[in-house]
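A structural walkthrough
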Amino acid sequence: MNIVVCIKQVPDTTEIKIDPVKNTLIRTGVPSIMNPFDKNALETGLTLKDRYGGKVTVISMGPPQAKAVLREALSMGADEAYLVTDRAFGGSDTYATSYILSQAIKKLDDFDVILGGKQAIDGDTGQTAPSIAEHLGTARLTYILDLEVNGDKVIARRQVEEGIEVIEARFPILCTATKESNKPRYATIKRKIASLKAEIPEITLADLPDADVSKMGLKGSPTKVKATFTPKRSACGVTIEGNTPGEIANALIGKLADGKIL
Amino acid sequence: MSLLYTEEQKELLALVREMAENEIKPYVKEADEKGECPKELFKWGFDMGLHMLEIPEEYGGTGLSYETTAMIFEELAKVDAGYAITFVTTFVALRNVILAGTKEQGQYFADKIRPGSFAGFALTEPNAGSDPAAMRSTAVLDGDEYILNGTKTFITNGALSDVFVGFFKTSPAAGHKGISAFIIDADAPGVTVGAHENKMGLRLSNTTDLIFENVRVKASAMVGPEGSGFKLALNALNLSRAFVATLAVGIMQRALDESVKYAKERKQFGTPIIKFQMVQALLADMAIKVEASRCLVNNTMRMMDQGIMVQKEGSICKTFVSDCAQEVTSNAVQIFGGYGFSKEYPVEKLMRDCKVFQIFEGANQIQRMTIANVLDKEYR
């Protein structure tokens, strides 16, 4: 089975502090990590490989520093890693990013499963991975907990608000993983050492001659950021206390009436 | 941190730290109380390959340098030295095979360990501790086999190991020149694991008696020439002393970490106690001893990596570091005050854990004799 896992390098948001004066994020000195949901996706891919055999290829789009998360993926058990990088890719939004990644994935071997995290903890859009499926014209299943292969079909357990859906689909397929999908494994010492020495090939614009450049980078991105700001804190709520539920309900109705809401 | 770490070492330490903090630390208190380490906790170490660190690459191991291996074990010992020594002990046995064994024996040993198991080193007997030549266990040749009989005691990993390197008298009359070493499978008929020691510290580490009753091993299981066992054990132990010292550094570093944290939080007379000079002196002296100990361990490891004999240096390292560890952990308890004496806080365990470091791998009194004997020769 050929498995492709898309991973993103993100700032460790648990380490981010807010500048108390400017009300902006302090990004300097914040360590970069593998997006945690992508780590779950990688674990899903590695589990599939353990169970059914095959190859796990990891791919990331970003600047050369993003090789760090690709190395981490290799240390956990991925077989191959590619960095998709080019000045022409800079400034891409989720549409352009998913387009570029889909073109890069096409360049690799035929795939059976593409995996990604349900969203990245920096942008939190959750759009990129599902959009890759759209560009490639494959089926997609978001928020999957696990995958079981049955002949040419795949059975996914999918986490939805109402509970767990069990869905059957055909290969090839794109799935996104969540925190609940699994507990990602640790690297081994041996693989860690090898990963630090590994050559990580780059996929640049020149490697994608058939791709449409107008769908890439800042110019290929329909999303325009108008402004970023820290929302003002809204007024605090009021806790209504009382001895009995009836007493509390009466007090609440009184307040709603006073406010001319009722 | 007193050492200049390579990028690779930093990455490996971060990896081991993350695993130990998340997967081992939460269970240490309970395991310490029970006096045994649950098997599931060792699985984390096996999955990471900690049992293969020192096994040479030619036998399918990781073949790390002594220097880097020691750093990794210091990191583990910060969380629990008993957990760490369980992995270290495999290599105490292995070093005998590497020093004097054949390629086949090396491969045999590595193949036993690779799937995820431990090894043990069986030298000590009830009446042969500091004086191993007094051992009574015997190996008698019978055709192409040896028949082993005897009782070994204080065997680390006694009940956990799949393979042992054990020492037996092939010529009981010949004193220390009559001792030979053998590789023995733990499941060989006649090998019985005796009682588990209820120890003061290192309680996650398994320590048992080992009884050999007419255990038959192939003559090819002998490590090195007949009668060379005593010398082999001493040479292997020379390499092992700095390794127990690295665990003691881990314990000390933990003691210092906990003490500084506590001294910054604990207020008396309206002031964090770290602002009081008497406490500052304690903390500074602790830091001095941790730093010096780590440097001494590191230098000894680098000498070992160069293949230099460390008879004197290994003894100096182990003695100095384990003596420092007593003072550092005792002062950690002092800084915590009454809370330090309570099992609710983490420092009393460190004090219990580190005592044995003055005793095992040769008591510090024996080490001082060794150091003086080498000096005597050096200045001839």
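Residues numbered from 1 in each chain as written. Chains lettered and ligands numbered in written order. Predicted model: local features only at pLDDT ≥ 70, side-chain atom pairs only at ≥ 80, totals over all residues.

**Digging into the pairing of strand E10 (residues 153–160) of chain A**
Residue and element names in this part refer to chain A. As paired elements, strand E9 (residues 139–150) and E10 share six bridges and run antiparallel to each other. Its bridge partner being in E10, Asn150 is matched across the sheet by Lys153. Taking the residues between adjacent antiparallel strands as the criterion, E9 and E10 are bridged by two residues, where Gly151 takes a positive phi near 65 degrees. Where E10 lies against strand E11 (residues 163–170), eight bridges are found, and the strand directions are antiparallel. (Pairing = 2+ DSSP bridges. Helix = DSSP H or I, 4+ residues; strand = E, 2+ residues; numbered from the N terminus.)

**Re the sheet that holds strand E12 (residues 173–177) of chain A**
All names here are of chain A. The nine strands are arranged E11-E10-E9-E12-E8-E1-E6-E7-E13 in an open sheet whose pairing can be described as mixed. In this open sheet, the two edge strands, each paired with only one partner strand, are E11 and strand E13 (202–203). Here five bridges tie strand E1 (residues 2–6) to strand E6 (residues 55–61), and the two strands are oriented parallel to one another. Opposite Ile3, over in E6, you have Val56 as the bridge partner. Strands in contact with helix H1 (residues 36–52) are E1, E6, strand E8 (113–117), E9 and E12; relative to E8, the strand with the most contacts, it is inclined by about 150 degrees. Its contacts with the sheet place helix H4 (residues 128–136) against E1, E8, E9 and E12, and it is angled at close to 175 degrees to E12. (Contact = placed C-beta atoms within 7 Å. Axes fitted to C-alpha atoms, helices over the stretch in contact; angles between N-to-C directions.)

**With respect to the confidence of the model for chain A**
Model confidence for chain A is summarised by a mean pLDDT of 92, while 98% of its residues fall at 70 or above. The secondary structure element of chain A with the lowest average pLDDT is strand E4 (residues 25–26) of chain A, at 70, and the one with the highest is strand E7 (residues 80–84) of chain A, at 98. (pLDDT = per-residue confidence, 0-100.)

**Remarks on the interface of chain A and chain B**
With eight residues of chain A at the interface, the matching set in chain B holds 12 residues. Looking at the side of chain A that touches chain B, its residues break down into five nonpolar, one polar and two charged. (Nonpolar A, V, L, I, M, F, W, Y, C, P; charged D, E, K, R; others polar.)

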